[in-house]
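Residue-level structural notes
Next come the chains, spelled out residue by residue.
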Amino acid sequence: MTSYESTAARRIHRRGVPATIVIYVTVVLATVLSLLPTVWVMISSFKTAGQINTGEGFWPTPVTVQGYIDAFTQIHLQEYILNSLIYAVGGTAGALLVAFLAAYPLARFHFVGKGFLNTTFALALAIPLVGLATPVFFIVRELGLFDSKAGLVLLYAALQFPFSFVVLRSFLQTIPPELEEAAIVDGAGYFTLLRRVILPLSRPAIATVSVVAFVQIWNEFFFANLLTVSAENQNVQLALAAFKSQFGFNITGALAGATIIMLVPIALFLILQRQVIEGLTAGAVKS
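These figures come from a predicted structure and were not determined experimentally.

One pass over the structure, following the stated rule, counts two salt bridges. Across the pair Arg 108 and Glu 180 runs a salt bridge, and its minimum N-O distance is 2.6 Å. With Arg 108 in helix H5 (residues 77-108) and Glu 180 in helix H9 (residues 177-185), the pair connects residues that are 72 residues apart, well separated along the chain. Taken individually, Arg 108 and Glu 180 each receive the classification buried, so the pair is uniform in this respect. A salt bridge links Arg 141 to Glu 142, with the shortest nitrogen-to-oxygen separation between them at 4.0 Å.

Okay, here's the thing in structure tokens:
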């Protein structure tokens, strides 16, 4: 029996079997209830509009892919998906780059103003995004970035910077300084140290930030609606709204589009879930 299994056995013995059963049943029920809306959307995307409106049965009878055809032919969902990928990848990469370069010196070095910068960046998480709407609108317009992909990428990178900084700084504080000292003794410069030592060790935190930032940008609606006018710059969330505004309300097309949109972040999390869990755990050790 492994140490993990023996620890679990001791916990079950201390709690008692009935209490353990109640805990597991509660967790299973909570999981099922949280996943049920997502599963319903995915299954209903293969139903006909009549079956959805009447609520007849949980499984699609007959199975149809007309909703998916409408998603790609009526509103050209593939174009909006490409836009969202540009925003999510670009915004995430920008936030990671700036946050990493800011987090390392603030995690390792001591200088005047360090506490002020740490507090300022952390407090930025408490600012409600809706309160930034007016200043962001005028700043983006004055910079000539209104209704442009570059404007949204820069905005999303800025919005994701505070969270990225907090997670990366917390994780970097858990890296033993002896590793950096050994690299410096071997002649590594500052950026060589970051690239060859710190960056590889920070993969769990980077994966965590990447997944969270990507999903938040992918699902963002408010600023995309505020700062874009032309269809060629809108994201997938605005595309789903087009089903109602342009074609009455194509419920099968909307559900098919929602299914496709959900699958992208789900796939990303499944690929990086091990690194994400490691990053969240290690980042919680120190603050």
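Attention shifts here to the nonpolar core. In terms of nonpolar packing, the biggest core is built from 27 residues, with Leu 77, Trp 218 and Leu 227 touching the most fellow members. At the level of secondary structure, the elements contributing two or more residues to this core comprise helix H4 (66-73), H5, helix H7 (133-142), helix H8 (149-172), helix H11 (203-218), helix H12 (222-227), helix H13 (236-246) and helix H14 (251-283). Of the residues forming this core, the biggest block, five residues, is contributed by H5. Not counting the four nearest positions on each side in its chain, Trp 218 is found in contact with Ile 81, Ser 84, Leu 85, Ala 88, Val 236, Gln 237, Ile 261, Val 264 and Pro 265. Within the second largest apolar cluster, 22 residues are counted, among which are Ala 99, Tyr 104, Leu 168 and Ala 205.

Attention now goes to H8. Each α-helix winds once per 3.6 residues, and so residues spaced three or four apart point in a common direction. Here H8 is 24 residues long and its end C-alpha atoms lie 32 Å apart, about the 34 Å a rise of 1.5 Å per residue gives. Of all the 24 residues making up H8, 17 are buried; the element is thus mostly covered by neighbouring parts of the structure.

This next bit is on a nonpolar patch on the surface. A cluster of nonpolar side chains, contributed by Leu 97, Val 98, Leu 101, Phe 109, Phe 111, Phe 116, Leu 117, Tyr 190 and Phe 191, occupies part of the molecular surface with about 880 Å² of accessible area. If you list the elements that add at least two residues to the nonpolar patch, you get H5, helix H6 (114-123) and helix H10 (190-201). Ranked by the residues each element gives to the nonpolar patch, the list is headed by H5, at three residues. Here Phe 191 falls in the exposed class, since its relative accessible area comes to 57%.

Moving on: H10. The terminal C-alpha atoms of H10 lie 16 Å apart, and with 12 residues this matches the ideal 16 Å at 1.5 Å per residue to within 8%. Listed as buried for H10 are Leu 193, Leu 194, Val 197 and Ile 198. Axial view of H10: buried residues confined to an arc of 130°, hence all on one face. Opposite the buried face of H10, at more than 90 degrees from it, the exposed residues are Phe 191 and Arg 196. Where H10 is buried, its residues meet H5, H8 and H9.

Further remarks concern the packing of H10 against H11. Interaxial distance between H10 and H11 falls to 5 Å at its minimum, and their mutual angle equals 65°. In this structure, H10 contributes Leu 199, Pro 200 and Leu 201 to the contact, and H11 contributes Arg 203, Pro 204 and Ile 206. Of the residues contributing to the contact of H10 with H11, the split by class is five nonpolar, no polar and one charged.

Cut-off values and rules
- Residues numbered from 1 in each chain as written.
- Predicted model: local features only at pLDDT ≥ 70, side-chain atom pairs only at ≥ 80, totals over all residues.
- Heavy atoms only, no water.
- Salt bridge = Lys/Arg side-chain N within 4 Å of Asp/Glu carboxyl O.
- Helix = DSSP H or I, 4+ residues; strand = E, 2+ residues; numbered from the N terminus.
- Buried < 20%, exposed > 50% of the residue type's maximum accessible area, 1.4 Å probe, protein only.
- Core = buried A, V, L, I, M, F, W, Y, C linked by side-chain atoms within 4.5 Å.
- Contact = heavy atoms within 4.5 Å.
- Expected span 1.5 Å × (residues − 1).
- Patch = residues over 30% accessible without salt bridge, like charges linked within 9 Å, V, L, I, M, F, W, Y side chains within 5 Å.
- Areas by Shrake-Rupley, 256 points an atom, 1.4 Å probe, with all protein chains shown as cover.
- Arc of directions from axis to C-beta.
- Axes fitted to C-alpha atoms, helices over the stretch in contact; angles between N-to-C directions.
- Nonpolar A, V, L, I, M, F, W, Y, C, P; charged D, E, K, R; others polar.

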